[in-house]
Amino acid sequence: MDKKEAAATLKSHAEFLKNSRQLSPDAKVMEAIGFAMAVLEAGTSEYEYAMFSWNLEKGEYEQTGRPMQSELLARNRFNESVKNGWFGNRYDTSRAVMKRRMITMYVSEWEELS
């Protein structure tokens, strides 16, 4: 569930709960609330980027390269790999697409173990 889906779910369920006065939200609401709380409490969200190329054997896009913290770095690493011929004939690199995903770090208080 991404931020937009979580916000939409929270909004629609909050309206439903407000109108029906129901006190037991379903699992999707709890997941959305948990996601929203993690983002709010963490305060640190960033994107990571990776290139995906068309796998000719599987007939689907597959990540080709490690995720990077900038789009430019991910593109440059991908172009370097193509230039050096590291993908061979397994991928159609002309159909490559850039994808990104949000990384959110949640840090809790320290808990004593002993």
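As shown above, the structure is provided for reference.
Residues numbered from 1 in each chain as written. Predicted model: local features only at pLDDT ≥ 70, side-chain atom pairs only at ≥ 80, totals over all residues. Heavy atoms only, no water.

Asker: Would you mind showing me how to read the overall build of the chain here?
Answerer: Within the chain, the secondary structure is distributed over three helices and three strands. Going residue by residue from the N terminus, the α and β elements of the chain occur as α-α-β-β-α-β. Among the 114 residues that make up the chain, the fraction classed as buried is 19%. For the chain, restricting intrachain contacts to residue pairs at least 6 apart in sequence, the fraction spanning at least 24 positions comes to 61%. Carbon and sulfur atoms make up 52% of the accessible area of the chain, which totals about 9,000 Å². (Helix = DSSP H or I, 4+ residues; strand = E, 2+ residues; numbered from the N terminus. Buried < 20%, exposed > 50% of the residue type's maximum accessible area, 1.4 Å probe, protein only. Contact = heavy atoms within 4.5 Å. Areas by Shrake-Rupley, 256 points an atom, 1.4 Å probe, with all protein chains shown as cover.)

Asker: Would you take a moment to explain the side chain of T64 for this structure?
Answerer: Position of T64 relative to the elements: it lies in the loop between strand 2 (60-63) and helix 3 (71-83). Taking relative accessible area as the criterion, T64 reaches 6% and is therefore assigned buried. Within the structure, T64 has its side chain in polar contact with the side chain of S53 (distance 3.1 Å). The contact partners of T64, leaving out residues within four places of it in the chain, are M51, F52, S53, F78, F87 and Y91. (Polar contact = N/O pair within 3.5 Å; in protein donor to acceptor, adjacent residues only side chain to side chain.)

Asker: Any chance you could explain the packing of aromatic side chains here in plain terms?
Answerer: Aromatic ring pairs: the centre-centre distance and the angle between the two ring planes describe each pair. Within the structure shown, the criterion is met by three aromatic pairs. Ring centres of W54 and Y61 lie 5.1 Å apart, and the angle between their planes is 80 degrees; on these two criteria the pair is classed as edge-to-face. Classification of Y61 by relative accessible area gives partly exposed; the value is 32%. Where F78 meets F87, the ring centres are 5.6 Å apart and the plane angle is 35 degrees; that geometry is what we call tilted. (Phe/Tyr/Trp six-rings, centres within 6.5 Å; stacked < 30°, edge-to-face > 60°.)

Asker: Looking at this structure, how should I read the side chain of S81?
Answerer: Counting through the fold element by element, S81 comes out in helix 3. You can call S81 buried: its relative accessible area is 14%. Every residue in contact with S81, bar those within four places of it in the chain, is listed here: W86 and F87.

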